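Listed below, chain by chain, are the residues.
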Amino acid sequence: ATLSGRVFDDQGEPLPGAVVYVVVHEYYLGEARYYLRYMGFADDTGHYEIERVPEGQKIRLMAQMPPPNFDALAATNA
């Protein structure tokens, strides 16, 4: 499935560049845990799209802004 939507701040303004994660609740070695499984990035209008999300599983979405030096970190790790 493909999930899409828009991300806004507390004042209703779009959050361009926000990272949106699909969080799943799974059991691993007898313990229930939450895992970040898929992610997408919001565009200039706050719109995001996350593809290839399995259907039939309960999920949660989490959005956060990347650290201010995220682009520099990505460039040094490339």
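Residues numbered from 1 in each chain as written. Predicted model: local features only at pLDDT ≥ 70, side-chain atom pairs only at ≥ 80, totals over all residues. Heavy atoms only, no water.

Student: An account of the sheet that holds strand β5 (residues 59–64) is requested, with residue identities and associated values reported.
Tutor: Here we have three strands laid out as an open sheet, ordered β3-β2-β5, and antiparallel in their pairing. Lying at the two open borders of the sheet, with one neighbouring strand each, are β3 (31–41) and β5. With direction set aside, neighbouring strand axes in the sheet form an average angle of 30°. Pairing geometry for strand β2 (residues 19–28) and β5, over six bridges, is antiparallel. Directly across from V23, in β5, lies its bridge partner R60. (Pairing = 2+ DSSP bridges. Helix = DSSP H or I, 4+ residues; strand = E, 2+ residues; numbered from the N terminus. Axes fitted to C-alpha atoms, helices over the stretch in contact; angles between N-to-C directions.)

Student: Talk me through the pattern of salt bridges; I want residue IDs and the actual numbers.
Tutor: Following the criterion strictly, the structure yields two salt bridges and no others. For E26, the salt bridge is made with R37, and the minimal N-O distance between the two is 2.6 Å. With E26 in strand β2 and R37 in strand β3, this residue pair connects regions lying eleven residues apart in the sequence. The exposure class assigned to R37 is partly exposed, which follows from its relative accessible area of 39%. Note that E31 is salt-bridged to R33, the shortest N-O span being 3.3 Å. (Salt bridge = Lys/Arg side-chain N within 4 Å of Asp/Glu carboxyl O. Buried < 20%, exposed > 50% of the residue type's maximum accessible area, 1.4 Å probe, protein only.)

Student: Would you mind going over the nonpolar core in detail, with residue names and values included?
Tutor: Generally speaking, soluble globular proteins have nonpolar side chains that are buried together. V7, A18, V20, V22, V24, A42, Y48, I50 and V53 together form the largest nonpolar core, which totals nine residues. Elements that contribute at least two residues to this core include exactly β2 and β4 (47–50). If one sorts the elements of this core by residue count, β2 sits on top with three residues. Those residues in contact with V7 that lie beyond four places of it in its chain are E13, P14, L15, A18, V20, G46, Y48 and A63. (Core = buried A, V, L, I, M, F, W, Y, C linked by side-chain atoms within 4.5 Å. Contact = heavy atoms within 4.5 Å.)

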